[in-house]
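# Architecture at a glance
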Amino acid sequence: MQAMSDDYSDRNPELGRLYPDHIKTLCERHDHALENSGAAHAVIFSGCPKTVFLDDQQYPFKPNAHFLSWVPLVNLPLSCIVHTPGETPQLIYYLPHDYWHSVPGQPGGYWTGLFDIKVVHSPDDVAANLPEDREKCILIGEIDDESHAFGIERVNPTSAINILHYARGVKTQYEIACLRLASRRGARGHNAAEAAFREGRSEFDIHRAYCKAVSHADNELPYSNIVALNSHGAVLHYTNLEREPPDTLRSFLIDAGAQVHGYASDITRSYSWSDSRFSELIERMHSAQGDIVSRIRAGVNYSELHIETHRILAAVLVDAGIVSGDPDTLLSTGVTSAFFPHGLGHLLGIQVHDVGGFMENEAGTIIDPPSGHPFLRLTRDLEENMVLTVEPGIYAIDMLLDNLRGTAAENHVNWQGVEWLRPFGGIRIEDNVRVTADGCENLTRDAFTAVA
Ligand code: GLY
Ligand code: MN
Ligand code: MN
């Protein structure tokens, strides 16, 4: 397939075509949240830059995800959206007069026609443009300086937040288009990272090859890249980036994403340097992951799928000669949890671990993860157009495996098999999928095919 160029800009015509419906949906969701809160206006604050203690430097700005859901402006501090039912949403766009730092450009792109935009140059002018009757406002955003509440007393009321978070679990067509682009951007980075691994480069250099291919500075990545050679793959969130390659290369695990207009991908791949037994185990994990993905459809209970994944991984570990026993015994004795200690996946969107994964309803009732599986972040039944990750993994984590000694699990572990796996760290295969009525769209596999 011919390499395709992707338009990640705010001139992308497809995004421009889908955006008005997205805004319509957001208006409806906010109408509902306001009604439930007995308020007339929602003020959505983009956020305030944070300054380092005893310093004049600022941490990289991370916008309020609620603000980002309205406008693709990832770097616009101290600005507000104002939503009033029945009116065109307002954007109070803060453009400081500042010659020390670069400032945002004038508003431009496919999104501008949907807002009544007021460009202001001081925080006082932001306040002056908000609805006068602050009693009738709710504010949605992080307020760590009283002045940024602009005199609004009702900040992040659960009567509104729960409705908005529950709704965000299901993506609009515009959001899905952004997520598809984010997957493609990430797939390009993964291909560059694999090539750098094949050249024998260090974790740091592989990371740099990835960032160049996705055209992200470190701060723009949706999360810190996990670039793990050899046994580092067993550290679930390994982010050290060793500057030199190891003397002996065995394996490579990379968990890295990219973003488009604030929407993230979250992709993991594992590779063997040359060991054929480890290559076969990776292939076996790809087919196990494919089996799990094939079970995704609207109506599926994700907690049950997480438990079923333990049975599927039990069979993989048995076939690899690392454990012995039937899947249910390996699950109940905690053997599979020692090798697969994290959740099967999570909702994905503006936040990599997107909100709403535990919510049974818009009132905010929480569905706990299954007992013994505290790290599962998605317990809600799957619905059409949810986007989520499917990321089974197996690792040699001594801290967890040592806990099996002296228990009923000990004799189910082939400790020589563990010795064999340890220098390779582990394997994780993570795709991003969109739920459909009778299956799913695999954004990640489609992306790798598209950029091949
Ligand atoms: N990259 C973090 C995760 O997979 O959840
Ligand atoms: Mn990941
Ligand atoms: Mn993930």
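Remember, it's a predicted structure, so these values are computed and weren't measured experimentally.

### Examining the coordination of the manganese ion (ligand 2)
- Coordination sphere of the manganese ion (ligand 2), protein contribution only: Asp-255 (OD), Asp-255 (OD), Asp-266 (OD) and Glu-430 (OE), at 2.0 to 2.3 Å.
- Here the manganese ion (ligand 2) is ringed by 6 donor atoms whose angles at the metal span 57 to 172°, and the overall shape comes out irregular.
- The two metals, the manganese ion (ligand 2) and the manganese ion (ligand 3), are separated by 3.3 Å and share Asp-266 as a common coordinating residue. You can see Asp-266 sitting in the loop between β9 (263–264) and β10 (267–272) and its partner Glu-430 sitting in the loop between β13 (426–428) and β14 (431–436), a full 164 residues away along the chain. Taken as a pair, Asp-266 and Glu-430 share a single burial class, namely buried.

### Concerning the coordination of the manganese ion (ligand 3)
- On the protein side, the manganese ion (ligand 3) has Asp-266 (OD), His-346 (NE2), Glu-391 (OE) and Glu-430 (OE) as donor atoms, found 2.0 to 2.2 Å from it.
- Here the manganese ion (ligand 3) is ringed by 6 donor atoms whose angles at the metal span 51 to 157°, and the overall shape comes out irregular.
- The motif formed by the donor residues of the manganese ion (ligand 3), counted along the single chain, is D-x79-H-x44-E-x38-E.
- Classification of His-346 as buried rests on a relative accessible area of 4%.
- Its relative accessible area of 0% is what places Glu-430 among the buried residues.

### Some points on the sheet that holds β10
- If you walk across this open sheet you meet the 3 strands as β6-β7-β10, and the pairing is antiparallel. Each end of this open sheet is capped by a strand with a single partner; those strands are β6 (226–229) and β10. Going across the sheet, the axis of each strand differs from the next one's by a mean of 5°, ignoring polarity.
- Two elements, β6 and strand β7 (residues 251–256), share 4 bridges in a ladder whose sense is antiparallel. Note that in β7 the partner of Val-227 across the bridge is Ile-254.
- The sheet contacts of helix α7 (residues 276–294) involve β7 and β10, and relative to β10 the element is tilted by about 150°.

Criteria and cut-off values
Residues numbered from 1 in each chain as written. Chains lettered and ligands numbered in written order. Predicted model: local features only at pLDDT ≥ 70, side-chain atom pairs only at ≥ 80, totals over all residues. Heavy atoms only, no water. Donors = N, O, S within 2.8 Å, 3.2 Å for Na, K, Ca; no water. Tetrahedral: all angles 85-135°; square planar, octahedral: opposite > 155°, others 65-115°. Helix = DSSP H or I, 4+ residues; strand = E, 2+ residues; numbered from the N terminus. Buried < 20%, exposed > 50% of the residue type's maximum accessible area, 1.4 Å probe, protein only. Pairing = 2+ DSSP bridges. Axes fitted to C-alpha atoms, helices over the stretch in contact; angles between N-to-C directions. Contact = heavy atoms within 4.5 Å.

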